[in-house]
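The primary structure of each chain is shown beneath.
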There are 2 protein chains.
Amino acid sequence: MESMEELRERLASLEALERASAVLSWDEETYMPEAGGPARAEHLARLAAMAHDMLVAPETACLLDASSVRPGSIDSAIVRVTRRDHDQAARVPTSLVAEIQRHASLAHPIWVHARERNDFAAFAPVMEKTFDLARELAEHLGYRARAYDALLDQFEPSTTSKEVDGIFAQLKARLVPLAAAIRERARPGEDAVLHGDFDVAEQERFGLQMIRKFGFDLARGRLDQVVHPFETSFSRDDVRITTRYDRTYLADSLFSTLHEAGHGMYEQGVAADLEGTPLASGASSALHESQSRLWENVVGRSLGVWQHFYPELQRAFPGQLGSVPLDRFYRAINRVKPSLVRVDADEVTYNLHVMLRYEMEQGLLSGEIPVADAARVWNDKMEDYLGIRPPDNSLGILQDTHWASGLIGYFPTYALGNVLSVQFFNRAREEHPEIDEEIATGEFATLRGWLEENIYRHGRRFDPQDLVRRATGGPMATGPYLDYLERKFGVLYGLSSPVSP
Amino acid sequence: MESMEELRERLASLEALERASAVLSWDEETYMPEAGGPARAEHLARLAAMAHDMLVAPETACLLDASSVRPGSIDSAIVRVTRRDHDQAARVPTSLVAEIQRHASLAHPIWVHARERNDFAAFAPVMEKTFDLARELAEHLGYRARAYDALLDQFEPSTTSKEVDGIFAQLKARLVPLAAAIRERARPGEDAVLHGDFDVAEQERFGLQMIRKFGFDLARGRLDQVVHPFETSFSRDDVRITTRYDRTYLADSLFSTLHEAGHGMYEQGVAADLEGTPLASGASSALHESQSRLWENVVGRSLGVWQHFYPELQRAFPGQLGSVPLDRFYRAINRVKPSLVRVDADEVTYNLHVMLRYEMEQGLLSGEIPVADAARVWNDKMEDYLGIRPPDNSLGILQDTHWASGLIGYFPTYALGNVLSVQFFNRAREEHPEIDEEIATGEFATLRGWLEENIYRHGRRFDPQDLVRRATGGPMATGPYLDYLERKFGVLYGLSSPVSP
């Protein structure tokens, strides 16, 4: 046990370095004056290098070998994930780790300005470098079939792009006919009530009120404004979520806030005794996205939740919504309409946005798609998948931050998260049929309690796939998710059920 | 030169750790939810331990010995200050460094609440521990005459408490008669115009406008709100200053803002080629305070500066100041009146506040003053020095953050800074007699240029005493400062000159 204590001690310092980096990254996107960027990039790169050196040091390997742990204990989970982290990190030179971190920091403001000014040419060299570094990283990490797998594995341990292909094929098979059926019935202006002039302070106040009721603990976190919303945590008791406000469009900030609060509740719900260990965070990106998408969509875009919250929203915006009935509002937030921007997409077309990026990332990584052509390819694929063509790159390839910040391999986890969100929600409702009624009265304790008990508190203690099995009784499966979409949108658009052949 | 490069590389990583800690500390006082405190304290303690270990490691000592540098070069200064830092740090166990940092973090919210609730009993155990740790630190650092010297030396290298005693005696000899002479002439209500209802947003707007004109570069820094104002820097291009607002009293925030901007301009003015080295900060605490006090008082409370800014301030607060003539405002911001709170003190009585704390710190450190008696001793001394007794501890011993955050030995540097501020200002004006006229027209480039050239850009390159000599042609001397006070307040209160015997 002495080795285990030494290992824990070492990992607590590693954790301190990583949480410090998270604070620096959060500040970089929230409050840092832009001039501070180069020094910040340097500091982050050096912290990343120190953390990497600490992880791959022979001392860590020795402690891992020497630590004897009881199977099934927290310590055994610490040893398992640390060995995995160590073995992966050990394949990558420190200099590359530092370079990737430095690039991500320096790229962020360049992306912000390029997006603002609709200037893809200004962003292209940065994106080129992001993919060069990702390629180099994949080569060091190693992979069996495709380089992309090495990157995906960073976010979704033990999931391959072949598996993702399979899941995406299943999604397409039923979502494409569903979208087509809806298209025939859709009327223009279904979401007109969400456009107008919505005071930003009032948007913020309402958003905070809603996520507080969901269960995001504002005494153990905060909400700040950024260009591209994200969640990060400095401990379970200090979880930072971010959003952005569009004065002319209510849904953008509102659902971003709910989304990030879902991530935030996951981190706030990790068991206190995992604090300071490598287990103190979400199990994987897909698991994390399952929570953000669950609260954003399965709960946040349900009719039930708005039975409770809509009167309050009307009071917040009486001029804009006072005379709009709940039913029209509910249709507006669920209108299915091919959109240019992923984060504004409805539940039916959202996954198409993800598939587009997933395909492009593989093409960009392999070199099949040269960066110089990427904006055009993006627009072509948008026409292909969604039947609309971005009028400019800010609404096209420049909309997401991932290809600046180096998150190559992350996108598929949004779709996996969608799939899981419904599996989890269904299981919780099976065990607690009162959840629907509670939601309609603004009560979320039972649902949140189930999620905490079955997912949040475990942190990284179990492998993602193991955690899914424990929580739902089976593996990830697209059926429940597709059923949910067909049922929900079948009702909304008066479709004969089932739509799919 | 290879060793020197390796040393610089090592020190740049050390710098990254220290700047990261600064970001965490800044966040702790500005935005962190209070629940995040314990984990933050843990992370800061571990970062401090890592930085300490890196500094005292045998590798650092070897590189210092092996580095051959040209005398007078930047590298030689790096080796000099690193050797000093290393030798000091090597005497202190890592565990104590971590413990001091952990305590400072944990103590902060306890101090905030105790001050809010006027509850000295809640703060006493924290203060006890602060002094226990300080005593332990002093014993490890070592000293010749008094333990206090070891602590003072951390802030003011090579200055002893005996020297401080001498300087304080000189100050007392002329300030006590000056204060007495003023007391006879003072009328009540001299600063009534500063009390009222001053919109906080407008206070902030005006303060920002004023410090921007002084030369604080808001593109390379920010101003945030805190309980106890401070300045910190994450690089020369990211300097954070803080202030607090009192809606009922204009002077508190205004002069705090000018004070912190003075610190901030110093950090922003450090030469770019010192970035990432241990030279990239102010030369000492007294040097730093000389700059904050110069901009707060010598410039900020001068008649000249308000000839330019007062009309703007009147426009910001037309109801409160529209009909108040400049002369009355100038008298208000310079009214000499024993005050309970140090940061609100006038220039004449300010040093008495410092002396009180200086004496108390020595008594608390030696054990002569038990913490249990400290509030009473504070109040007695206030009566002794200033003829007023705090009605409660929030306006007494709980007003400053220093005895929570472990800054024992810092207070004297405010008085030393006062002394230096006038020496520097006089020298700049000797070389550039146009400075007075420029200030009266809202121009500060010549003054700032002189300070940058002679002080700011050098960072820690020269010893503080050496830097004073280079800039002023002589050592620190109280004469010019006392002459300045006697002249300024002689005119304001119509005293026969000289007041001192």
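The rules we used
- Residues numbered from 1 in each chain as written.
- Chains lettered and ligands numbered in written order.
- Predicted model: local features only at pLDDT ≥ 70, side-chain atom pairs only at ≥ 80, totals over all residues.
- Heavy atoms only, no water.
- Helix = DSSP H or I, 4+ residues; strand = E, 2+ residues; numbered from the N terminus.
- Rg over C-alpha atoms; globule rule 2.2 N^0.38 Å.
- Buried < 20%, exposed > 50% of the residue type's maximum accessible area, 1.4 Å probe, protein only.
- Contact = heavy atoms within 4.5 Å.
- Areas by Shrake-Rupley, 256 points an atom, 1.4 Å probe, with all protein chains shown as cover.
- Buried area = accessible area lost by both parts, 1.4 Å probe.
- Salt bridge = Lys/Arg side-chain N within 4 Å of Asp/Glu carboxyl O.
- Polar contact = N/O pair within 3.5 Å; in protein donor to acceptor, adjacent residues only side chain to side chain.
- Least-squares fit on C-alpha atoms with pLDDT ≥ 70 in both.
- Pairing = 2+ DSSP bridges.
- Axes fitted to C-alpha atoms, helices over the stretch in contact; angles between N-to-C directions.
- Left-handed = near helix turned anticlockwise from the far one by under 90°.
- Nonpolar A, V, L, I, M, F, W, Y, C, P; charged D, E, K, R; others polar.
- Phe/Tyr/Trp six-rings, centres within 6.5 Å; stacked < 30°, edge-to-face > 60°.
- Lys NZ or Arg CZ within 6 Å of the ring centre and 35° of its normal.

Engineer: Would you mind going over the overall build of chain A in detail, with residue names and values included?
Structural biologist: Check the secondary structure of chain A and you find 22 helices and 3 strands. Relative to its length of 501 residues, chain A is compact, with a C-alpha radius of gyration of 22 Å against a globular reference of 23 Å. Each principal axis of the C-alpha distribution contributes one length, and for chain A these read about 65 × 50 × 45 Å. For chain A, the proportion of its 501 residues judged to be buried stands at 61%. Across chain A, contacts joining residues at least 24 apart in sequence account for 74% of those joining residues at least 6 apart. In the form shown here, chain A has an accessible surface area of approximately 18600 Å², with 51% of it arising from carbon and sulfur atoms.

Engineer: Give a description of the interface of chain A and chain B that names residues and reports values.
Structural biologist: Listed per partner, the contact involves 33 residues of chain A and 33 residues of chain B. Between chain A and chain B, roughly 2600 Å² of surface is buried when both sides are summed, and carbon and sulfur atoms account for 65% of that area. Run the count over chain A and chain B and you get 6 salt bridges. Across the pair E9(A) and R46(B) runs a salt bridge, and its minimum N-O distance is 2.9 Å. Scanning the region where chain A abuts chain B turns up 12 residue pairs in polar contact (both at pLDDT 80 or more). Those elements that provide at least two residues to the side of chain A that touches chain B are helix 1 (2-30), helix 2 (37-56), strand 1 (221-225), strand 2 (231-235) and strand 3 (238-243) of chain A. By residue number, the principal contributor to the side of chain A that touches chain B is helix 1 of chain A, which donates 11 residues.

Engineer: Tell me about the relation of the copies chain A and chain B, and name the residues and values.
Structural biologist: When chain A is fitted onto chain B, the two copies agree to an RMSD of 0.0 Å after a turn of 180 degrees and an axial shift of 0.0 Å. Between the two chains, the operation in question is that of a two-fold axis. Looking at the rotation axis and the C-alpha trace of chain A, the residue lying nearest is A20(A), at 3.3 Å.

Engineer: Explain unusual backbone geometry to me, and be specific about the residues and the numbers.
Structural biologist: Residues and elements named next belong to chain A. Here N118, not a glycine, exhibits a phi torsion of approximately 55 degrees, which is positive. Relative to the helices and strands, N118 is located in the loop between helix 5 (94-116) and helix 6 (120-141). With a relative accessible area of 34%, N118 lands in the partly exposed category.

Engineer: So what about the pairing of strand 3 (residues 238-243) of chain B? Which residues, and what values?
Structural biologist: All names here are of chain B. Summarising burial for strand 3: 6 of the 6 residues are buried, a large majority. Neither face of strand 3 is open: one carries D238, R240 and T242, the other V239, I241 and T243, and all of them are buried. The antiparallel hairpin formed by strand 2 (residues 231-235) and strand 3 contains 2 residues in its connecting segment.

Engineer: An account of the sheet that holds strand 3 of chain B is needed here, citing residue identities and associated values.
Structural biologist: Residues and elements named next belong to chain B. The strand order across the open sheet formed by 3 strands is 1-3-2, and the pairing between neighbours is mixed. Both outer strands of the open sheet, strand 1 (221-225) and strand 2, are each paired with one neighbouring strand and no more. Each neighbouring strand pair of the sheet contributes to a mean axis angle of 20 degrees, computed without reference to strand direction. Here 5 bridges tie strand 1 to strand 3, and the two strands are oriented parallel to one another. For G221, the partnering residue across the bridge sits in strand 3 and is V239.

Engineer: If you had to explain the side chain of R19(A) to someone new, which residues and values would you point to?
Structural biologist: By the element assignment, R19(A) lies in helix 1. A polar contact is formed between the side chain of R19(A) and the backbone oxygen of S233(A), at a distance of 2.9 Å. Ignoring anything within four residues of it in the chain, the contact list for R19(A) reads S233(A), F234(A), S235(A), E275(A), A280(A) and H43(B).

Engineer: Before we move on, can you summarise the packing of helix 11 (residues 285-299) of chain B against helix 18 (residues 412-431) of chain B with the specific residues and values?
Structural biologist: Residues and elements named next belong to chain B. Between helix 11 and helix 18, whose axes approach to 7 Å, the crossing angle comes to 65 degrees. In the packing of helix 11 onto helix 18, the handedness of the crossing is right-handed. Side by side, helix 11 and helix 18 meet where S285, A286, L287, E289, S290, Q291, R293, L294, N297, V298 and V299 of the first sit next to T413, Y414, L416, G417, N418, L420, S421, V422, F424 and F425 of the second. In terms of residue class, the contact of helix 11 with helix 18 is built from 11 nonpolar, 8 polar and 2 charged.

Engineer: Pulling in residues and values, what's your account of the environment of P33(A)?
Structural biologist: Among the secondary structure elements, P33(A) is positioned in the loop between helix 1 and helix 2. C-alpha of P33(A) to C-alpha of S366(A): the two residues are 333 residues apart in sequence and 36 Å apart in space. Residues contacting P33(A), with those up to four places away along its chain left out, are A219(B), R220(B), G221(B), R222(B), D237(B), D238(B) and R240(B).

Engineer: Go over the side chain of S421(B), please, and point to the residues and values.
Structural biologist: Residues and elements named next belong to chain B. Mapped onto the elements of the fold, S421 is located in helix 18. A relative accessible area of 2% places S421 in the buried class. Among all residues touching S421, those that are not within four sequence positions of it are S290, R293, L294 and V298.

Engineer: With reference to specific residues and values, describe the environment of P38(A).
Structural biologist: Residues and elements named next belong to chain A. Locating P38 in the fold gives a position in helix 2. Judged by its relative accessible area of 52%, P38 falls in the exposed class. When the C-alpha atoms of P38 and V354 are compared, they prove to be 32 Å apart, with 316 residues separating the residues in sequence.

Engineer: Tell me what's going on with the environment of I74(A), and back it up with residues and numbers.
Structural biologist: Mapped onto the elements of the fold, I74(A) is located in helix 4 (residues 74-90). Taking relative accessible area as the criterion, I74(A) reaches 18% and is therefore assigned buried.

Engineer: Help me get a handle on the sheet that holds strand 1 of chain A, residues and values and all.
Structural biologist: Residue and element names in this part refer to chain A. Within the open sheet, the 3 strands sit side by side as 1-3-2. Their pairing is mixed. Taken across any chain shown, the strands that pair with only one partner, and hence form the sheet edges, are strand 1 and strand 2. The sheet shows a mean angle of 20 degrees between the axes of neighbouring strands, direction not considered.

Engineer: Account for the packing of aromatic side chains, naming residues and giving values.
Structural biologist: Counted according to the given criterion, the structure contains 47 aromatic pairs over all chains. Ring geometry for W295(B) versus F444(B): centroids 6.0 Å apart, planes at 65 degrees, classification edge-to-face. One end of the pair, W295(B), is in helix 11; the other, F444(B), is in the loop between helix 19 (435-440) and helix 20 (445-454), with 149 residues separating them in the sequence. For the pair shown, W295(B) and F444(B) are each scored as buried. When the ring centre of F255(A) is taken as origin, the NZ or CZ atom of R301(A), which lies over that ring, is 3.9 Å away. One cation-aromatic arrangement involves R470(A) over F462(A); the distance from NZ or CZ to the ring centre is 3.8 Å.

Engineer: Which residues make up the pattern of salt bridges, and what values do they have?
Structural biologist: Counted under the stated rule, the structure contains 86 salt bridges over all chains. Close ionic contact of D165(A) with R146(A) constitutes a salt bridge, the shortest N to O distance being 2.6 Å. Pair noted here: D165(A) is in helix 8 (residues 161-185) and R146(A) is in the loop between helix 6 and helix 7 (147-155), with a separation of 19 residues, a long-range link. Relative accessible area serves as the criterion here: at 29%, D165(A) is assigned to the partly exposed category. When its relative accessible area of 28% is taken as the criterion, R146(A) is described as partly exposed. A salt bridge links R240(A) to D27(B), with the shortest nitrogen-to-oxygen separation between them at 2.7 Å. Placement of the pair is R240(A) in strand 3 and D27(B) in helix 1 (residues 2-30), with the two residues belonging to separate chains. As far as the burial class goes, R240(A) and D27(B) line up, both buried. Here the residues in one salt-bridge network are E9(A), E42(B), R46(B), E99(B), R102(B) and K129(B), joined through shared partners.

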